[in-house]
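Chain and residue survey
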Amino acid sequence: MAPPFVFPSSLRDLERNADGDDEGEPSLRPEAPIAVTALRAADLEEFVKGTSFDLSDKELFCIEEQDVFNSVYSLVRDFTCLPPALKFNLVEALRSNLSVLLPNIDSLSRASTLSPSDGIPITDRIASHRNALKIYSFFLLSIVHTQESSADSGTGAKVTTHGRKKNPVYAWNWEAQRGRIMNLVANSLEVDLTLLFGPGGADERYLSFVSKCTFVLFENQNVLKDEETRNGLCRIIGAIATKHQRISQTSASVLHLIHKYDFTVAYLAEAAAAAEKKFGDGSLAISLIREIGRTDPKDYVRDGAGADNVGRFLVELADRLPKLMSTNLGVLIPHFGGESYKIRNSLVGVLGKLAAKAFKDVDGNNSAHSIRLRSKQAMLEILIERCRDVSAYTRSRVLQVWAELCEENAISIGLWNEVASVASGRLEDKSAIVRKSALQLLITMLQHNPFGPQLRTATFDATLEKYKEKLQGMESQSPEEDEPVNDHPLGEVTAGQDESVSDSCLPSSQDQRDQDPMIADITNLEQIRALVASLEAGLRFSTCITSLMPILIQLLASSSATDVENTILLLMRCRQFQVEGSEAALRKMLPLVFSQDKSIYEAVESAFISIYTKRIPTETAKSLINLNIDCSIGDLAAMENLVSSLVLKGEISSSTMSALWDYFCFNINGVRPVQCRGALSILCMAAKSSPSILGSHLQDIVDIGFGRWAKEEPLLARTACLALHRLSEEDKVKLLNTSTRVFAALQSLITSFSLPEKIWYGATEKAISAIYTLHPAPEIFATEIAKKSLSSVFSSLAMDGMSNGAELETQNGSFVSAVSATKLGRFLFVISHIALNHLVYIETSVKKIQKQKPKNDKSQHTNEDSEVDASKNSEAQGINAELGLGATIDIAIESLAEQAEREIVSSSCEKNLIGHCGPFLSKLCRNLTLLQKFPVLHASAKLALCILMIIDAEFCEANLQILFTVAESAPSEIVRSNCTIALGDLAVRFPNLLEPWTEHIYARLGDPSASVRKNAVLVISHLILNDMMKVKGYINEMAVRVEDEDERISSLAKLFFHELSKKGSNPIYNLLPDILSRLCNQHLKEETFRSIMQFLIGSIKKDKQMEALVDKLCNRFAGGNDVRQWEYISYCLSQLTYTEKGLKKLIDNFKMFEHALSEDSVMNHFRSVIAKCKKFAKPELKVCIEEFEEKVSKVHEEKKEQEATARNAEAHKQRMGSLDRILVTKEVGQNDGKSAEEEASGEFIDPSVDSNAEDQETGEASGAVDPSVDDSNAEDKETGETSEVADPSVDDRNAEDQETEEASEVTGPSVDDRNAEDEETEEATEAADPSADDGNAEDKENMREHSENISSGKSQTSSTCTELEDGSAEVQSARKPRRGSSRSTLKKMSQPVLEGSADSAAPVVRRSTRSSRRCFCSPVC
């Protein structure tokens, strides 16, 4: 018996381990293998054929023989060197032997129970079978591995292919052989190997080798493209993991593949599902789910690609094994709290698959069914909760899952409205992808809604009321049935119990077949209750969709193309289900046809075609007419663009054009005049791209457009004028030759009063334009019209029309004419528009002449003699060009054009009617008091004035001031709007004249009228974006409009800045600092300012500009001390996007804003800057950021401490000043009382001694320095004649003098004791206790610390002069220290001293003592 075969790690290891296996036992190894590469071709072929013959001719176990084993090993080792035919022979021999061996294993298991017939022990036969199985499997798998390795390296024998495949194809069809080999190996693993390997299972090395080869092949994407090979590999994985119990090893390998190779995800999920299906054991799938669940969520954050692959695997597995996934979902739920949104996305997808597939079976009893329903409900609740996930990707994925559930009819009616409400709320999500998913979900919900094809709220409401009444009647008739009905699972449904409405309520429900058997016993009452509940749910859904119309209209203006496209699709679906408001909302999409985004234009065009043109011709014509009738001016322009484009593309057929003509000509019964006008308007739109459309009904246009129908439909005449203007050149000539009444009709339209006033102006404008387009001599015909209009104005001079007329006085006031204000206004309108059209006519004529000039030159050259040489002609042309003869002709043409333009308004010519109207119009417009009485005349006059100013520069310059005055102060917003629009035209035509008035043009942005502001925004936007006006310092007015109260104006202003940011190097970057400064001075609300600056800064995208803005903004901190300006600048800094350079610039400019860090609001903005920078900072930069943060915080704290100290000092200073004033006031009042008492008793006591003493004490406490000491000595000389003089204010006395004075005077050195001393002022003449000063010395020192605050000189000085009997005066003065004056000068007085008076003795002694004391210490004395 041959030794056992032991699987090596690789093919070459068989030679290395020739001495035996790891355990020391002998094993089958190659002995002296043949060097196949050294053989000649003939010898190699004979060798391969001999080996193949041995394998096929001998028994299956011949592979155990050493010579056969050596031969096969040698060929397999050098398999890549074999020719394709020899490869095929060898592989086929090995494969066929293994395929025959497998059935023998089954027969061997049966034979093991019987006695062997051939005498060979059964154990030997089992060993031989085991050896053969292992050897054949080893060699076949080695061949596959070797061949695939050589294919990857490109070293195989290749043949040239002429087919479509680019990959090299091997001549012997290796793909087919590979698939057969892998399926054969899979079969070998699926048979019962217990007899061969024993109850312990297959050989571990055998399974490891097979598993290793399988997973290596799984890493090759090209291998997995072959279905047969892929199926074989999946079977091998399933068998090894499930049948042979290698769960942990296989799970680890599968997860490795999932993390590393994304193309293996679906196939591995298929392998796990196939294993569960074939063996009835889902242990592999369960193990994978649990391994994924046990993984740390942070690992998925680090490995984004792996998390994506794992998520896809879970979704695929849930799709294939929904029940198994539902039972093991608990281990995955915690990952909803992880940071990886990809895993959360996958879990959401898993829940969607489970909700759609895991609960469809009807097996089990009622309790099991209720458990499944509760599980499904819990999953759906998780999905609703995940709609508020922090990640936009997850929110979007949840909405997509809900859409899938809608398509699967897996959402119950009770949950339908909740899902619709969630989707409606997500329409206002900040992320575009979430809004897109929400729109698509609503589209799907409408398409699969269970409530019917019509969702009109009124219909649902009426039907619901009807059945509610019926239900109430039936409930009142059978009250005894209420109790058992309430116990039923379907229960009584109310409007607030959505959850109790099951899918069985409607026939269209997917789960109707899943009803409980008890439902068959439902009575009519129960059915009506279910119907009422269904109607209530339908009504709520209809109301929810109807309420979305305002939001959808806003989304039509979104900057995201996907928002617009999906909103249009949703509105079309709403229109299909007849939702209220969808038609009006769809009309809002028409202006989007002017969008520069091609996808948006195509979406609008596609929607327009599907809604209005994909019908039979008559219905198409009717729908277009109805749309045209209800359109606004802007919608008409958009519709014109669409119709002309569709006519050009052939989307609107000629049959539809014929139907429109039938409507216009009243060939269809029931046509109204307004439909006639609409049909002609559509035809005019079509004529824009195909003018010949109007040529077939020229006479009908004149007869109907200006006939009796024009009186019933006033706009019909205007539309007819537009049709005449759109005629082709051939049709114009044809019209002039065939119809003579067209000009009479136009003249009658202009000069008559048949049309209403509001419509007449528009019709007249089109009529005058049509005259200048059709008439061969329009200036002559226009003159007749002007004269007729003038005669109609002044034809009623003799009539008494003062009550309805306007008084126009000449300069000398001698002539007063009464005319109709309405007629005068119409006359001015006609004159001005004739002048404007005449200007256009002159310019058109000049262009025709300039175009005709080259043709004339060419015809002249063709008429010259043929004998003239062509070279001479070219030479002559060159000479003429050098001499400027051609330029002279052009100059002459331009000169004539300028002269003709000047003559339109010029009054130099006596026959120029418009020229004479100019001064009259100018004077009329200056009479504002008169015009305010007639608003219509006011509007016409101002409009005419603006038009004439546009025509002539001199007239414009002369009337600019009155125009700006009217634009600013006119009471009518219509007049102000017209003037604002005219200013834009004037700025284009005469930029030099309007340049000094730029500030006043910008001022129109602040007009109180929203209409004027809107026009101002449009005008200024047009001028700036087209480089007709420079962006000057007043652009801050436009910035304020970004937060205008009118949303339309705000949108226009934002659009202006958006377009401005695209010009050049983004002018907003240069304008931002100036805008900031000006906005700081406008006292805007803080929220308004922040919104404006946030929007403007958001339009700056370049990093270099952001970095430069850091410098500019930091420099502005040093330019002012306004705290509010600091806050605004710091807010702007917080809105910038910082790069590493920008942050370094901010740190370098620290000195610029250091002083502003004391404010808390400024500091908060800098904290936000630091927090923003930390997010992107690298580790080395974070150190700088942290140092900067510490520095900023430290300065902020220091500044706050300094401010607190300054506030405390100021408060103390004010407190001390108030106490001083109170003390002085009390002292003066007490002295006044003493003087009065002494005067009454006939005695006089000098109170100045006490006051001086008090002043002395105050002066000592305050430590005030009196700079007038020297002056006081001189004053003492003057006052030394009297012995009563006392000067306590001398500051340069020594300490000994101070003690003496303190001992001889009443003192109060402490602030706390002053009030007590004030109460004892009556005893001020008595000697004071010297110990008082010693007791209060410490208080004195404390008071000296605040001497600077107290001696600031803020106390008031008050004097009281009392006239005595002897003519002397008593002066009582409160202390007020002043620079340059002594306190003694304020307290001088002379008074008699009464002898024998004890009360007066002490003061006299003190005065003399003080005086003598001063004499010794003062050098002056």
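Everything discussed here concerns the structure shown above.
The structure contained in this document is the topic of the report that follows. (Residues numbered from 1 in each chain as written. Predicted model: local features only at pLDDT ≥ 70, side-chain atom pairs only at ≥ 80, totals over all residues. Heavy atoms only, no water.)

Observations concerning the layout of surface pockets
Inclusion rule: A pocket here means an open set of points on a 1 Å grid, computed over the protein atoms alone, that has protein on both sides within 12 Å along at least five of seven lines. A cavity is instead a set of points where a 1.4 Å probe fits but cannot get out; residues with an atom within 4 Å of a point line either one. Grid points are joined across faces, edges and corners, and a volume is the space filled by probe spheres set on the points. Throughout, the ten residues Ala, Val, Leu, Ile, Met, Phe, Trp, Tyr, Cys and Pro are labelled nonpolar, Asp, Glu, Lys and Arg are labelled charged, and all others, Gly among them, are labelled polar. Helix and strand assignments follow DSSP, with helices taken as H or I runs no shorter than four residues and strands as E runs no shorter than two, numbered in order from the N terminus.
Approximately 2300 Å³ is the volume found for the largest pocket. Along its surface, the largest pocket is lined by 42 residues, and Ala557, Leu592, Arg1048, Ser1051 and Leu1055 are the ones closest to its centre. Class assignment of the residues belonging to the lining of the largest pocket gives a composition of 17 nonpolar, 12 polar and 13 charged. Considering only enclosed or pocket space, the second largest pocket measures out at about 1100 Å³ in volume. In terms of residue count, helix α45 (residues 935-951) provides more of the lining of the second largest pocket than any other element does, 7 residues in total. Its residues assigned to classes, the lining of the second largest pocket comprises 13 nonpolar, 7 polar and 4 charged.

So, the packing of helix α43 (residues 913-926) against α45
Where we set the bar: Under this scheme, a helix contributes an axis fitted over its contacting stretch, all axes are lines through C-alpha atoms, and angles between N-to-C directions fall in the 0 to 180 degree range. Roughly parallel means an angle under 35 degrees; roughly antiparallel, over 145; roughly perpendicular, 65 to 115; everything else is oblique. Crossings are sorted by hand: turned counterclockwise from the far helix by less than a right angle, the near helix makes the crossing left-handed, and turned clockwise it makes it right-handed. Any two residues whose heavy atoms approach within 4.5 Å are treated as being in contact.
Put simply, α43 and α45 touch, their axes get as near as 10 Å, and they point 130 degrees apart. For the element pair α43 / α45, the angle class is oblique. In the crossing of α43 with α45, the sense of the turn from one axis to the other is left-handed. Taking contact as the criterion, the partners of Ile914, Gly918, Leu921, Ser922, Leu924 and Cys925 in α43 are, on α45, Ala941, Lys942, Ala944, Leu945 and Leu948. Looking at side-chain class alone, the contact of α43 with α45 contains 8 nonpolar, 2 polar and 1 charged residues.

Comments concerning the packing of helix α25 (residues 549-556) against helix α26 (residues 561-576)
Running from N to C, α25 and α26 point in directions that differ by 145 degrees, and their axes come no closer than 8 Å. The handedness of the crossing between α25 and α26 comes out as left-handed. Of the residues in α26, those touching α25 at Met549, Leu552, Leu555 and Leu556 are Asp563, Val564, Thr567, Ile568, Leu570, Leu571 and Cys574. Within the contact of α25 with α26, the residues separate by chemical class into 9 nonpolar, 1 polar and 1 charged.

Examining the pattern of salt bridges
This is how it is decided: Should a side-chain nitrogen of Lys or Arg be within 4 Å of a carboxyl oxygen of Asp or Glu, the pair is scored as a salt bridge. Relative accessibility under 20% of the residue-type maximum defines a buried residue, over 50% an exposed one, and the middle range a partly exposed one, all with a 1.4 Å probe and only protein chains included.
Under the definition given, this model contains 44 salt bridges. Residues Arg976 and Asp1007 are paired through a salt bridge, measuring 2.9 Å at the closest nitrogen-oxygen approach. Placement of the pair is Arg976 in helix α47 (residues 973-989) and Asp1007 in the loop between α49 (998-1003) and α50 (1010-1025), with a sequence separation of 31 residues. A single burial state applies to Arg976 and to Asp1007, both of which are buried. Here Lys1174 makes a salt bridge to Glu1189, at a shortest N to O gap of 2.8 Å. Placement of Lys1174 in helix α59 (residues 1160-1176) and of Glu1189 in helix α60 (residues 1179-1241) is noted, with a sequence separation of 15 residues between them. On the basis of relative accessible area, Lys1174 is assigned to the partly exposed category, the value being 33%. Residue classification places Glu1189 among the partly exposed positions, given a relative accessible area of 29%. Shared partners join several salt bridges into a network, and the residues in it are Arg1013, Arg1041, Asp1044 and Glu1045.

Some points on the environment of Val301
Structurally, the position occupied by Val301 is in helix α14 (residues 297-302). Classification of Val301 by relative accessible area gives partly exposed; the value is 39%. In this view, Val301 contacts Glu339 and Ser340; residues no more than four positions away in its chain are not counted.

Some words on helix α56 (residues 1123-1135)
The test is simple: Any helix carries an expected span of 1.5 Å times its number of residues minus one. By the criterion applied in these results, polar contacts are pairs of N or O atoms within 3.5 Å in which, for protein atoms, one can donate a hydrogen and the other can accept it, and in which residues neighboring in sequence qualify only through two side-chain atoms.
Helix length check: α56 (13 residues) gives 19 Å between terminal C-alpha atoms against 18 Å at 1.5 Å per residue, within 8%. Looking at the buried positions of α56, the neighbouring elements they touch are α53 (1067-1080), α54 (1086-1098), α55 (1103-1115), α57 (1140-1148) and α59. Here α56 starts with a cap whose side-chain oxygen sits 3.2 Å from the backbone nitrogen of Arg1124, and that cap is Asp1122.

Side note on the nonpolar core
Going by this rule: We define a nonpolar core as any set of buried Ala, Val, Leu, Ile, Met, Phe, Trp, Tyr and Cys residues linked to one another through side-chain atoms lying within 4.5 Å.
Phe139, Trp402 and Leu1146 are the most contacted members of the largest nonpolar core, which totals 374 residues. The biggest single contributor to this core is helix α40 (residues 821-863), with 12 residues. Not counting residues up to four positions away in its chain, the partners in contact with Leu1146 are Val1110, Cys1114, Leu1133, Tyr1138, Phe1153, Phe1166, Val1169 and Phe1188.

Topic: the packing of aromatic side chains
Aromatic ring pairs are reported here in terms of the distance separating the ring centres and the angle at which the planes meet. The condition is simple: Here a Phe, Tyr or Trp ring, Trp counted by its six-membered ring, pairs with any other such ring whose centre lies within 6.5 Å, and the pair is stacked when the planes are under 30 degrees apart, edge-to-face when over 60, and tilted otherwise.
The final tally for this structure, using the stated rule, is 33 aromatic pairs. Measuring from centroid to centroid gives 5.8 Å for Trp661 and Phe664, while their planes differ by 75 degrees, and the two rings are edge-to-face. On the criterion of helical spacing, the pair formed by Trp661 and Phe664 is a turn pair, its members being 3 residues apart in helix α31 (residues 654-664). With relative accessibility at 0%, the residue Phe664 sits in the buried group. Geometrically, the ring pair formed by Phe666 and Trp709 is stacked, given 4.3 Å between the ring centres and 20 degrees between the ring planes. Highlighted residues: Phe666 in the loop between α31 and α32 (673-687) and Trp709 in helix α34 (residues 709-712), separated in sequence by 43 residues. With a relative accessible area of 21%, Phe666 lands in the partly exposed category.

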